[in-house]
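So the chains spell out like this:
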Amino acid sequence: MKRVLFAIAALVAAALLGASARAAEPVAAGVDPGAPAELARIYAQILRDPTNSQLNLRYAELAEASGKLRWALAAYERVLVNDPGNVEAQAGLQRVRRRLQPDSTQFTAELGVIGETSPRNLPSGARAEAQGVASLGMRDERTIADVRWRTTAAAYGLLHSNEH
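Please read these numbers as outputs of a predicted model, since none were measured by experiment. (Residues numbered from 1 in each chain as written. Predicted model: local features only at pLDDT ≥ 70, side-chain atom pairs only at ≥ 80, totals over all residues. Heavy atoms only, no water.)

K.L.:
Kindly report on the sheet that holds strand 1 (residues 104–115), identifying the contributing residues and their values.
P.N.:
Read across the open sheet, the 3 strands follow the order 1-2-3; overall the sheet is antiparallel. Looking at which strands have only one partner, the edges of the open sheet turn out to be strand 1 and strand 3 (147–160). Between one strand axis and the next, the sheet turns by 10° as a mean value, whatever way the strands run. Across 12 bridges, strand 1 lies against strand 2 (residues 130–144) in antiparallel orientation. For Gly115, the partnering residue across the bridge sits in strand 2 and is Ala130. (Pairing = 2+ DSSP bridges. Helix = DSSP H or I, 4+ residues; strand = E, 2+ residues; numbered from the N terminus. Axes fitted to C-alpha atoms, helices over the stretch in contact; angles between N-to-C directions.)

K.L.:
Account for the packing of helix 2 (residues 37–48) against helix 3 (residues 53–65), with residues named and values stated.
P.N.:
Where helix 2 contacts helix 3, the axes come no closer than 10 Å and their chain directions differ by 150°. The orientation of helix 2 relative to helix 3 falls into the category roughly antiparallel. In the crossing of helix 2 with helix 3, the sense of the turn from one axis to the other is left-handed. Where helix 2 abuts helix 3, its residues Glu38, Leu39, Ile42, Tyr43, Gln45 and Ile46 lie against Leu55, Asn56, Arg58, Tyr59, Leu62 and Ala63. Residues belonging to the contact of helix 2 with helix 3 are distributed by class as follows: 8 nonpolar, 2 polar and 2 charged. (Parallel < 35°, antiparallel > 145°, perpendicular 65-115°, else oblique. Left-handed = near helix turned anticlockwise from the far one by under 90°. Contact = heavy atoms within 4.5 Å. Nonpolar A, V, L, I, M, F, W, Y, C, P; charged D, E, K, R; others polar.)

Structure follows, in structure tokens:
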């Protein structure tokens, strides 16, 4: 009896939290009024049978074609929950995740100093020397024409104080 009451209380709490979360969302998940009629029709069928892999794959395909990438991502994930070995859903999920990745550019700079502390131990009798070291790296990743491009570049420098 305690378990039943706890389950009912948990469902009521989830419903109340879900209702407040939905009220705060600016855009409802699923189908919006601007979605194609076929997408809306298949979504209604999925609500009646969410474990149907063929419906979810068709929905994901239509959502991806109409630019609703997050909807397609959710549909591919639903298919993989029910059918983990589905190759079409795995490929679709990977494709949509790549398209959703934001463009990014990272720069790294490293500076350092090297000092020769014991030049008298050298056989040539060289003088003490200081060296400056610097490196600059860049990594850029972006999508161009549905292809993910990664560009890397690096520059290194070493400055000697005693060399001519």
